[in-house]
Amino acid sequence: MTNTGNVDARILNRYVQYLRLERSYTDNTLDAYLMDLQKMLNYYADNGIDFRNVTIEQLDAFAASLRTSGVSARSVARVLSGVRSFYRFLCLERELDTDPTELLESPKIGKHLPEVLSIHEIDDIEAAIDLSKPEGVRDLAIIEVLYGCGLRISELCELRMNQLYIEEGYLRVLGKGRKERLVPIGGQVIRRLRDWLVVRTGKQAKPGHEDYVFISLTRGTKLSRVSLFVYIKGYASKAGIRKNISPHTFRHSFATHLLEGGANLRAIQAMLGHEDIGTTEIYMHLDKRHLRKEILEHHPRNMRKSE
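No experiment lies behind these values; they were computed from the predicted model shown.

Engineer: Any chance you could explain the overall build of the protein here in plain terms?
Structural biologist: Broken down by element type, the protein carries 13 helices and three strands. Across the 307 residues in the protein, those meeting the buried criterion constitute 43%. Long-range contacts, defined here as pairs at least 24 residues apart, represent 60% of the contacts in the protein between residues at least 6 apart.

Below is the structure:
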């Protein structure tokens with residue numbers, strides 16, 4: 001960091017350790033938090049503001065400066081989330097007696113409803129996979145795990161053999177912040193996983209990659225996120241699907257189809273590994289959109305009478 005807005009380097013170093021050790025943030029998340037914090041510290045330095053005596057008016061002015069510089073409402077909200085995290089840390093460490101961000105408001109952001117695939121579209125994508133090739137057996141297992149278990153792409157890439165409990169019918173998943181959860185797996189997922197593991201047994205993995213479930217058959221290393229994006233988009237294109245999808249689309253589809261089928265929102269939260277049920281509630285909006293579509297299409301008052 002360059003400008004520190006009078007923040008002691010000792011405090012910044014402790015904050016980094018707090019995010020890394022107590023919050024268990026990954027390097028990417030940590031870098032994002034520090035970049036957002038730097039925006040605030042630059043503003044403090046440019047305006048002669050002492051971080052210990054900052055007022056809500058000055059914080060509001062900082063937020064306004066982000067908006068006038070062209071930063072989107074979503075990005076402003078993310079920066080302010082990082083600012084709140086920093087000041088909560090200062091209060092925890094007794095560097096401050098009161099949190100000046102308690103009244104700091106984030107810009108209103110409309111609900112972003114993610115793209116969701118229908119069951120037929122998922123079937124079409126799977127039908128586009130060539131199962132005569134080892135890569136096809138692997139990729140079908142990947143899609144079944146993504147859709148059947150609702151895993152994040154990072155969770156799938158990091159999935160190891162000792163996290164598979166196929167006989168018992170579940171996966172042990174390490175999610176964000178290294179938080180562990182158990183995810184049930186159904187018969188279709190089990191069958192495709194077993195098919196892949198037969199193929200996987202005869203393939204040589206590079207040292208350090210032997211325990212990963214899904215590996216590259218050419219390099220012998222664990223699959224990368226980029227590779228998965230390429231594979232998924234390729235199969236979707238081959239299936240004639242025009243939606244803008246990614247591996248994460250299967251996670252959204254998993255949650256949406258569960259909710260449409262009558263699953264409890266708390267159960268979906270547990271399976272997705274969401275810390276806050278508010279994150280899971282976006283699928284309520286998706287379900288309402290689905291219900292509205294069903295009503296408009298099938299209610300007799302909305303159906304055109306045959307002539």
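The rest of the description comes next.
Engineer: Mind showing me how you'd approach the environment of Gly-148 here?
Structural biologist: Along the chain, the position of Gly-148 falls in helix α6 (residues 134–149). For the pair Gly-148 and Ile-185, spaced 37 residues apart in the sequence, the C-alpha separation amounts to 6.8 Å. Those residues within four positions of Gly-148 in sequence are excluded, and the remaining contacts are Ile-143, Pro-184, Val-189 and Phe-254.

Engineer: What should I look at first to understand the pattern of salt bridges in this one?
Structural biologist: Think of it this way: side chains of opposite charge can pair up when their charged atoms draw near. Under the definition given, this model contains 14 salt bridges. The shortest N-O distance in the salt bridge between Arg-10 and Glu-95 comes to 3.6 Å. One end of the pair, Arg-10, is in helix α1 (residues 9–22); the other, Glu-95, is in the loop between α4 (73–92) and α5 (119–127), and 85 residues separate them in sequence. Taking relative accessible area as the criterion, Glu-95 reaches 18% and is therefore assigned buried. The closest approach of N and O atoms between Asp-36 and Arg-78, which form a salt bridge, is 2.9 Å. Pair noted here: Asp-36 is in helix α2 (residues 27–47) and Arg-78 is in helix α4, with a separation of 42 residues, a long-range link. Given the relative accessible area of 5%, Asp-36 is considered buried.

Engineer: So what exactly am I meant to see when it comes to the side chain of Arg-138 here?
Structural biologist: With respect to the helices and strands, the residue Arg-138 is situated in helix α6. For Arg-138, a relative accessible area of 2% corresponds to the buried category. Excluding anything up to four places from it in sequence, Arg-138 contacts Trp-196, Phe-214, Ile-215, Ser-216, Leu-217, Leu-223 and Tyr-231.

Engineer: Please clarify how helix α9 (residues 225–238) should be interpreted in this entry.
Structural biologist: Because each turn of an α-helix spans 3.6 residues, side chains separated by three or four positions in sequence point in the same direction. Over its 14 residues, α9 extends 20 Å from the first C-alpha to the last, a length consistent with the 20 Å expected when each residue adds 1.5 Å. Buried within α9 we find Ser-227, Leu-228, Ile-232, Tyr-235 and Ala-236. End-on view of α9: buried residues confined to an arc of 160 degrees, all on one side of the axis. With respect to the buried face of α9, the exposed residues turned more than 90 degrees away are Val-226, Val-230 and Lys-238. The elements touched by buried residues of α9 are α5, α6, α7 (153–157) and α10 (247–260). Just downstream of α9, Gly-240 is the residue with a positive phi angle, here 80 degrees.

Engineer: Quick question: what am I supposed to make of the environment of Phe-86 here?
Structural biologist: Note that Phe-86 resides in helix α4. The buried category is assigned to Phe-86, whose relative accessible area is 0%. Sequence separation between Phe-86 and Thr-101 is 15 residues, and the spatial gap between their C-alpha atoms is 9.6 Å. Once residues within four sequence positions are removed from consideration, Phe-86 is found in contact with Val-7, Ile-11, Leu-12, Tyr-15, Leu-37 and Met-40.

Engineer: Mind showing me how you'd approach the sheet that holds strand β1 (residues 164–165) here?
Structural biologist: Paired through backbone hydrogen bonds, the strands of a sheet run either parallel or antiparallel to each other. Taken in spatial order, the three strands of this open sheet run β1-β2-β3, and their pairing is antiparallel. The two strands at the open ends of the sheet, each matched to only one other strand, are β1 and β3 (180–184). Bridge count between strand β2 (residues 170–174) and β3: five bridges; the pairing is antiparallel. In the strand pairing of β3, Arg-172 is matched with Leu-182.

Engineer: So what exactly am I meant to see when it comes to the environment of Tyr-15 here?
Structural biologist: Looking at the element boundaries, Tyr-15 is found in helix α1. Setting aside residues up to four positions removed in sequence, Tyr-15 forms contacts with Tyr-33, Leu-37, Gly-82, Ser-85, Phe-86 and Phe-89. At 3.0 Å, the side chain of Tyr-15 and the side chain of Ser-85 are in polar contact.

Engineer: Can you walk me through the packing of aromatic side chains in this structure?
Structural biologist: Here a ring pair, both rings aromatic, is described through the centre-centre distance and the interplanar angle of the planes. Counted under the stated rule, the structure contains nine aromatic pairs. Taking the centre distance of 5.1 Å and the plane angle of 80 degrees together, the rings of Tyr-15 and Phe-86 count as edge-to-face. Taken together, the residues Tyr-15 in helix α1 and Phe-86 in helix α4 connect sequence positions 71 residues apart. The exposure class of Tyr-15 is buried, given its relative accessible area of 1%.

Rules used in this analysis
Residues numbered from 1 in each chain as written. Predicted model: local features only at pLDDT ≥ 70, side-chain atom pairs only at ≥ 80, totals over all residues. Heavy atoms only, no water. Helix = DSSP H or I, 4+ residues; strand = E, 2+ residues; numbered from the N terminus. Buried < 20%, exposed > 50% of the residue type's maximum accessible area, 1.4 Å probe, protein only. Contact = heavy atoms within 4.5 Å. Salt bridge = Lys/Arg side-chain N within 4 Å of Asp/Glu carboxyl O. Expected span 1.5 Å × (residues − 1). Arc of directions from axis to C-beta. Pairing = 2+ DSSP bridges. Polar contact = N/O pair within 3.5 Å; in protein donor to acceptor, adjacent residues only side chain to side chain. Phe/Tyr/Trp six-rings, centres within 6.5 Å; stacked < 30°, edge-to-face > 60°.

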